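An overview of the molecular structure
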Amino acid sequence: MKIVVHTDDAAQWQAALSDALPHANVMTSDAPADERKNADYLAVWKAPSHLLSEQTQLKGIINLGAGVDYLLNTPGLPRNVPIVKLRDAGMGDSMADYALYGVLHFYRSMDRYAQQQHDAAWQPHRLVEKSQWPVGVLGLGAIGGFVASALQQAGFPVLGWSRSPKQISGIRCFHGDDGLSDLLGQVQSLITILPDTNATKHIINAQRLAQLPKGASIINPGRGSLIDEQALLNALGSPDQPGHLRGALLDVFHEEPLPANNPLWQHPNVIVTPHMAAPTPLNAAIDQVIAYLQAFEAGEQVTTVDPDAGY
Ligand code: GLV
């Protein structure tokens, strides 16, 4: 079986896959074009178009990340080749850390203390109980569900939302458009972990932002397309004219890297991070990749990505 790997740490993936599958011919996408041809499988993250279009006998594509938006939008993606993606695979843990950091940032008033330090102002803020700080998680897939449970275990009441009904122990689950309004009206911090699909584009728009309680905060480690950035900026206001929202921790943007002239970089109530919330951890993900390859080879049923749904 021939496998071509394309990702940031492709050499490590090649070594790990070769170790686990001694009979496989595993190469990185740096291999000469005639060696790469006729691969059975691609294991890729942000693959260039030519790597997808040059293949003629692929049996499967393994997306080495959770979101498949980039892959599905890459010209040259062969039709009718099954695509599988990583589900959690260690990313849930990093996402939960990122989300918890964001929630604690606002819950423990770290945004205010940072500003006060700047002004040498010594002024403690009243600490409310965690039970008074409900957190909303939009997206209850493998990663969103993990994050919701982690925040609940950290002591926060968690309200979760998904398009279709789901049940997760300890989480108040909402679904559908009405469920989203219901949830938004009740949360102090909102975390967005939905996939980037036609149905989720700007799901958080001006109207939805206005449904959040005044002073709510947003944490987006999901996809930039989920939030209308202009509406977010309007809702954040400015130091002279504070808006409806208190602040935001953002890892993903409409355009990445975030252009230097984007006002989010300079906004005093926004923390910008460079799409680093949950890189794919090789050690935690490799078993899942091997299981996919073995299932494909054995002709077993695997849960594939639905390109129309976008996840
Ligand atoms: C990262 O953005 C991922 O989708 O895995």
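The structure this text deals with has already been given above.
Presented here is an overview of the structure given in this document. (Residues numbered from 1 in each chain as written. Predicted model: local features only at pLDDT ≥ 70, side-chain atom pairs only at ≥ 80, totals over all residues. Heavy atoms only, no water.)

A separate point is the nonpolar core. Counting residues in hydrophobic clusters, the biggest one holds 51 residues, and the most contacted among them are Ile-3, Trp-13, Leu-17, Leu-151 and Ile-191. For this core, the elements supplying multiple residues, two or more each, are strand 1 (2-6), helix 1 (10-20), strand 3 (41-44), helix 5 (91-107), strand 6 (135-138), helix 7 (142-153) and helix 11 (282-297). The element contributing the most residues to this core is helix 11, with 9 residues. Taken domain by domain, the makeup of this core includes at least three residues from each of domain 1 (2-89 + 280-298) and domain 2 (91-272). Residue contacts for Trp-13: discarding those within four places in its chain leaves Val-5, Thr-7, Leu-64, Thr-280, Leu-282, Ala-285, Ile-286 and Val-289. Counting residues in each nonpolar core, the second largest holds 31 residues, with Ile-204, Leu-212, Ile-227 and Ala-231 among its members. (Core = buried A, V, L, I, M, F, W, Y, C linked by side-chain atoms within 4.5 Å. Buried < 20%, exposed > 50% of the residue type's maximum accessible area, 1.4 Å probe, protein only. Helix = DSSP H or I, 4+ residues; strand = E, 2+ residues; numbered from the N terminus. Domains from an automatic or database assignment. Contact = heavy atoms within 4.5 Å.)

Taken in spatial order, the 5 strands make up an open sheet running 2-1-3-4-5, and their pairing is parallel. Among the strands making up the open sheet, the edge pair consists of strand 2 (25-28) and strand 5 (83-85). When the angles between neighbouring strand axes are averaged without regard to direction, this sheet yields 20 degrees. Pairing between strand 1 and strand 3: 4 bridges, direction parallel. Pairing of Val-4 across the sheet is with Leu-42, part of strand 3. Sheet strands touched by helix 1: strand 1 and strand 2. Its angle to strand 2, the strand with the most contacts, is close to 175 degrees. (Pairing = 2+ DSSP bridges. Axes fitted to C-alpha atoms, helices over the stretch in contact; angles between N-to-C directions.)

Inspection of the region around the ligand gives Trp-45, Gly-65, Ala-66, Gly-67, Met-91, Arg-223 and His-275 as its neighbouring residues. For the ligand, an oxygen atom lies 2.7 Å from a polar atom in the backbone of Ala-66. Within the backbone of Gly-67, one N or O atom sits 2.7 Å away from an oxygen atom of the ligand. Coverage of the ligand by the protein amounts to 88% of the 190 Å² it exposes when considered alone. Looking at the shell around the ligand, its residues break down into 3 nonpolar, 3 polar and 1 charged. (Near = heavy atom within 4 Å. Polar contact = N/O pair within 3.5 Å; in protein donor to acceptor, adjacent residues only side chain to side chain. Areas by Shrake-Rupley, 256 points an atom, 1.4 Å probe, with all protein chains shown as cover. Nonpolar A, V, L, I, M, F, W, Y, C, P; charged D, E, K, R; others polar.)

Okay, helix 11 next. Over its 16 residues, helix 11 extends 22 Å from the first C-alpha to the last, a length consistent with the 22 Å expected when each residue adds 1.5 Å. Here helix 11 has its buried residues at Leu-282, Ala-285, Ile-286, Val-289, Ile-290, Tyr-292, Leu-293, Ala-295 and Phe-296. Summarising the contacts, the buried residues of helix 11 are in contact with strand 1, helix 1, strand 3, strand 4 (60-63) and strand 5. Taken from the residues just after helix 11, Gly-299 is the one with a positive phi, measuring 70 degrees. (Expected span 1.5 Å × (residues − 1).)

Our next topic: the packing of aromatic side chains. Applying the stated criterion to the full structure yields 3 aromatic pairs. Judged by centre distance (5.5 Å) and plane angle (70 degrees), the ring pair of Tyr-107 and Trp-133 falls under edge-to-face. Taken together, the positions of Tyr-107 in helix 5 and Trp-133 in the loop between helix 6 (110-118) and strand 6 put the pair 26 residues apart, joining distant regions of the chain. Taken as a pair, Tyr-107 and Trp-133 share a single burial class, namely buried. Ring centres 5.2 Å apart and planes at 90 degrees place the aromatic pair Tyr-107 and Phe-156 in the edge-to-face group. With a gap of 49 residues between them, Tyr-107 in helix 5 and Phe-156 in the loop between helix 7 and strand 7 (158-162) connect regions that are remote in the sequence. (Phe/Tyr/Trp six-rings, centres within 6.5 Å; stacked < 30°, edge-to-face > 60°.)

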